[in-house]
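A closer look at the structure
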Amino acid sequence: MSIAKKDKCFSSWELKSNDLLRKSKYDKAAYDDGIETEAIGFSLTYELNKHIKKKDIMTINEAQDEVIEEFSDFTDWMDKYQLLIDLGNEQKPLDDKYKTESNLIDGCQSRVWLQADYEDGKIYFTAESDALIVKGIIALLIRVLSGHTPQEILDTDLYFIDRIGLKDHLSPTRSNGLLAMVKQIRMYALAFKVKNEE
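1. Overview of the pattern of salt bridges
The full count for this structure, using the stated rule, is 6 salt bridges. Between E70 and R143 there is a salt bridge; the shortest N-O distance is 2.5 Å. Within this pair, whereas E70 is found in helix α3 (residues 60-71), its partner R143 is found in helix α5 (residues 132-145), the two being separated by 73 residues in sequence. Note that K193 and E197 form a salt bridge whose closest N and O atoms lie 2.9 Å from each other. A residue pair is termed a helical-turn pair when its members lie 3 or 4 positions apart in one helix, as K193 and E197 do in helix α8 (residues 172-197) at 4 residues. One network of salt bridges, in which partners are shared, links E66, E70 and R143.

2. Remarks on α5
In a regular helix each residue adds 1.5 Å, so 14 residues correspond to 20 Å; α5 covers 20 Å between its end C-alpha atoms and thus fits that length. Of all 14 residues in α5, 12 are buried; the element is thus mostly enclosed. For α5, the full list of buried residues reads I133, V134, K135, G136, I137, I138, A139, L140, L141, I142, V144 and L145. Two residues or fewer after α5 comes G147, characterised by a positive phi angle close to 90°.

3. Considering the confidence of the model for the protein
Residues with a pLDDT of 70 or more make up 71% of the protein, whose mean pLDDT is 79. In the predicted structure, residues 1-55 sits below a pLDDT of 50 and forms 44 contacts with residues beyond four places in sequence or in another chain.

4. Thoughts on the side chain of K80
Relative to the elements of secondary structure, K80 occurs in helix α4 (residues 77-90). Side-chain polar atoms of K80 contact the backbone oxygen of F74, separated by 3.5 Å. Residues in contact with K80, not counting those within four places in the same chain, are F71, F74 and I164.

5. Description of α4
It helps to recall that an α-helix has 3.6 residues per turn; residues three or four apart then point in one direction. With 14 residues, α4 should cover 20 Å at 1.5 Å per step; its first-to-last C-alpha distance of 20 Å lies within 8% of that length. Within α4, burial applies to W77, K80, L83, L84, I85, L87 and G88. The N-cap of α4, judged by a side-chain oxygen 2.8 Å from the amide nitrogen of M78 a few residues on, is D76.

6. A closer look at the pairing of strand β1 (residues 112-119)
The sheet contact formed by β1 and strand β2 (residues 122-129) spans 8 bridges and is antiparallel. For W113, the partnering residue across the bridge sits in β2 and is E128.

7. Section: the layout of surface pockets
In this structure, the largest pocket spans a volume of roughly 960 Å³. Lining the largest pocket are 36 residues, with I142, R143, V144, S146 and G147 positioned closest to its centre. Mapped by element, the contributors of at least two residues to the lining of the largest pocket are α2 (33-57), α3, α4, β1, β2, α5 and α6 (150-155). Of the residues that constitute the lining of the largest pocket, the class distribution is 15 nonpolar, 9 polar and 12 charged.

8. Some words on the environment of A139
With respect to the element layout, A139 can be found in helix α5. Since its relative accessible area comes to 11%, A139 is described here as buried. Non-local contacts of A139, meaning those with residues more than four positions away in its chain, are made with L87, G88 and Q91.

Calculation criteria
- Just so you know, the residues in each chain are numbered from 1, in the order the chain's sequence is written.
- Restriction of local features to residues with pLDDT of at least 70 applies here, the model being predicted, together with a cutoff of 80 or more for giving and counting side-chain atom pairs; totals for whole chains, interfaces and linings are based on all residues.
- The basis for every side-chain value is the complete set of heavy atoms in the structure, and neither hydrogens nor water enter the calculation.
- By definition, a salt bridge exists where a carboxyl oxygen of Asp or Glu is found within 4 Å of a side-chain nitrogen of Lys or Arg.
- By the criteria applied, helices consist of DSSP H or I runs no shorter than four residues and strands consist of E runs no shorter than two, each listed in order from the N terminus.
- By definition here, a helix of n residues has an expected span of 1.5 Å times n minus one.
- A simple rule labels every residue: compare its accessible area, found with a 1.4 Å probe on the protein chains alone, to the largest value its type can have, and call it buried under 20%, exposed over 50%, or partly exposed in between.
- Confidence per residue, as judged by the predictor, is encoded in pLDDT with a range of 0 to 100.
- We call two residues contacting when some pair of their heavy atoms lies within 4.5 Å.
- Polar contact criterion, stated in full: a pair of N or O atoms within 3.5 Å, where within protein one must be able to donate a hydrogen and the other to accept it, and residues adjacent in sequence count only if both atoms are side-chain atoms.
- Pairing between strands requires that DSSP locate at least two bridges from one strand to the other.
- Put simply, the grid is 1 Å and covers the protein atoms alone, a cavity is a trapped set of points that fit a 1.4 Å probe, a pocket is an open set with protein on both sides within 12 Å along at least five of seven lines, and lining residues have an atom within 4 Å of a point.
- Grid points are joined across faces, edges and corners, and a volume is the space filled by probe spheres set on the points.
- Gly falls in the polar group here, along with every residue not listed as nonpolar (Ala, Val, Leu, Ile, Met, Phe, Trp, Tyr, Cys, Pro) or charged (Asp, Glu, Lys, Arg).

Written out as C-alpha cells, the structure reads:
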C-alpha cells in the first residue's frame, strides 16, 4: 500500500477516543477491509499513546483536580466511600517483601505499608492496607503524589482532601491515619531531597 493511500485512509478518521469507531468517516466503497482494520489499529494506538503521555506529564495539581472532578459526580457519601474502596481494589498489590515493620506507617489504626523508590529524580510510591477505606485513601495519595520530584511533593498543598470533603467524613482515628500517611510521604520526600543534595 502506498504512503499516499495510507495518509488518505488515516486522515479520514476522527481521532477521538470516546466515539472513535462510531464517528468514522471511512469510505467503505474505496478501501477494503484490511485497510479499514489498519486504520482502526492506528487510531486506537494514537489515542492510547496520547492518554499515556497526558498521564506522564500531569502535574500534582492537575491530578488533584481530576480527583475532585471524579468525586463531584457523587453527592451521597456512601457512593463516595464505594469509590474509595474501588480505587483501593484497583491498586496493584504491594509485593510481600515490602510488607515489613520499617514500612508500616506509625499513627494508623489499620496497618498501612508504604514503599518509596527514587528513580531519575522522582519518587514512586506503592502501598497497601488491610482496611478497605484506608486502602482507598492511600491509593488517592499515591495517585496524586507518585512520580514527582521531592521538591514538588514538599511544596504541594493537598487541597483535594478538603475539596472532596474527605476529612469531614472520616472517623477521628482515620483522620489521624490520613495525616500520618501524608506526613510519611513528606518525610520520604525530604529524605530523598537531602540525600540527593549531598
